[in-house]
Amino acid sequence: MAQNSARNVGRHFLQIPGPTQLPDRVLRAMDTPMIDHRGPEFAKVAKKALDGIKTIFKTTNPVVIYTATGTGAWEGALVNTLSPGDRVLMVETGQFAALWKKMAERLGLKPEFISTDWRHGIDPKAIEAKLREDKNKEIKAVCVLHNETSTGALTPIAEIRKAIDAADHPALFLVDTISSLASADYRHDEWRVDVSVGGAQKGLMMPPGMSFNAISDKALKANQNAKMPKSFFAWDDMLGMNKIGFFPYTPATLMLHGLIEGVAMLHEEGLDNVFARHNRLAEATRRAVKAWGLENLNKNASQHSPTITAILLPEGHDADKFRALALETFNISYGASFGPYAGKYFRIGHLGDINDGTLIGALGITEMALELAGIPHKKGGVQAAMDYIAQAHAGPKRAAAE
Ligand SMILES: *Cc1c(COP(=O)(O)O)cnc(C)c1O
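Residues numbered from 1 in each chain as written. Predicted model: local features only at pLDDT ≥ 70, side-chain atom pairs only at ≥ 80, totals over all residues. Heavy atoms only, no water.

1. As for the nonpolar core
Judged by nonpolar contacts, the single largest core of 87 residues is most densely connected at Ile127, Val144, Leu204, Met210 and Leu259. In terms of residue count, the dominant contributor to this core is helix H2 (residues 40-57) (9 residues). When residues of this core are assigned to domains, at least three fall in each of domain 1 (13-19 + 270-394) and domain 2 (24-267). Discounting chain neighbours no more than four positions away, the residues touching Val144 are Val91, Trp100, Ile122, Ile127, Ile157, Ile160, Phe173, Leu174, Val175 and Asp176. (Core = buried A, V, L, I, M, F, W, Y, C linked by side-chain atoms within 4.5 Å. Buried < 20%, exposed > 50% of the residue type's maximum accessible area, 1.4 Å probe, protein only. Helix = DSSP H or I, 4+ residues; strand = E, 2+ residues; numbered from the N terminus. Domains from an automatic or database assignment. Contact = heavy atoms within 4.5 Å.)

2. Focus on the domain arrangement of the chain
Interface size, as often reported, equals the accessible area lost upon joining of the parts. Per the domain assignment, the segments of the chain are domain 1 (13-19 + 270-394) and domain 2 (24-267). Once you take the C-alpha centre of each, domain 1 and domain 2 turn out to be 27 Å apart. Each partner contributes residues to the interface: domain 1 has 31 residues there, and domain 2 has 32 residues. Across the domain 1 to domain 2 interface the summed buried area is about 2,600 Å²; carbon plus sulfur atoms make up 59%. Taken as a group, Leu271, Phe275 and Gln303 account for 24% of the area that domain 1 buries against domain 2, more than any other trio of residues on that side. Between Glu295 and Arg119 there is a salt bridge, and its shortest N-O distance comes to 2.7 Å. Between domain 1 and domain 2 we count 14 residue pairs in polar contact (both at pLDDT 80 or more) in total. For the side of domain 1 that touches domain 2, the leading source of residues is helix H10 (residues 271-292), giving 4 residues. For the side of domain 1 that touches domain 2, the per-class residue count stands at 15 nonpolar, 12 polar and 4 charged. (Buried area = accessible area lost by both parts, 1.4 Å probe. Salt bridge = Lys/Arg side-chain N within 4 Å of Asp/Glu carboxyl O. Polar contact = N/O pair within 3.5 Å; in protein donor to acceptor, adjacent residues only side chain to side chain. Nonpolar A, V, L, I, M, F, W, Y, C, P; charged D, E, K, R; others polar.)

3. Digging into the sheet that holds strand E5 (residues 139-145)
The strand order across the open sheet formed by 7 strands is E2-E10-E9-E8-E5-E3-E4, and the pairing between neighbours is mixed. Here the strands that pair on one side only, and so sit at the sheet edges, are strand E2 (63-66) and strand E4 (110-115). Averaged over all adjacent pairs, the angle separating strand axes in this sheet is 20 degrees, with direction ignored. Both E5 and strand E8 (residues 172-176) contribute to a ladder of 5 bridges, which runs parallel. Bridging from a neighbouring strand, Leu145 pairs with Asp176 of E8. Sheet strands touched by helix H8 (residues 235-242): E2, strand E9 (195-199) and strand E10 (211-215). Its angle to E2, the strand with the most contacts, is close to 105 degrees. (Pairing = 2+ DSSP bridges. Axes fitted to C-alpha atoms, helices over the stretch in contact; angles between N-to-C directions.)

Below is the structure:
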């Protein structure tokens, strides 16, 4: 085909919403000899990793580190705080919300699913209304995604906290921030989230295989009466051992070095700058989509995701075929589509260790691929993105010079 070569020249454009590009620094940090995971040298590494990740969740409480992908930390959040048959309130923002709900059902919980059309994020008022209806306070937890990766919807967590408070409801507040942590502003303590679920391979710029539970005092208290069966994911063994810098079983020792480096990189850049970069790249992507005359799957402009943009193709065009053509021709990977819109959209991930130039390259490829695939669109998407990025940089520079 167009590339005419068995070898992919240059770097792969990995525009999926995780795993994201591994920075060389993280890779090098993990390139280190094995040490005894019960020895004094290891305890120092563990302590540094455990302390470091707290600063990313913005919590002074413990954060548990699991040797598991994000799905494992989902399970950790549920089994450590709830009991069989407990009612939990969830919102169908998209595929990942549906998977978390399925897990809750499999574990013997009774999830109530507030449905959406997959094109709008969560309405905090809908949560408040459900909680107000629950006069006997039978709902034990509200479980939402901070960022629905499958549709590109960001949830206003602070507003949901207010909704729970306004309903004067005692439910625990469990939040999946897997595809937004270290990319979008997140405040575990300030927003009084009870369990925040994080993962390694998205904004944290690490390989897959590590995930997190940030835990509130209220969640720790709930843990004492939680009757769900648990073993590998049990907090009590973990928290006890973590206090002295150890784990109940062999942790992913090399990944802890990667985590320390990733956290250091985020603080060198400054978390606020990290969030501003993600917002800038997301807005540039949306400007490109608009200039192409295509539609963002998410229709609620106030909840557009800073890490992922889902782009609908015009009726009659197959998004999976488009992704395959772009991969074959230009060596770019996009995110797939799900649910009622399966085959109708593709997603551009713009999170992790990504800069302006990489995004412009990805958008340039996308514009060429749209042309090649014969998908009706207008020219000028990349130009619109470049104009926005230049303008975004000029603003602060001008302000600093004045
Ligand atoms: C990626 C993702 C998950 C699943 O994490 P795994 O690491 O694949 O197990 C869950 N929730 C959200 C929002 C995600 O983006």
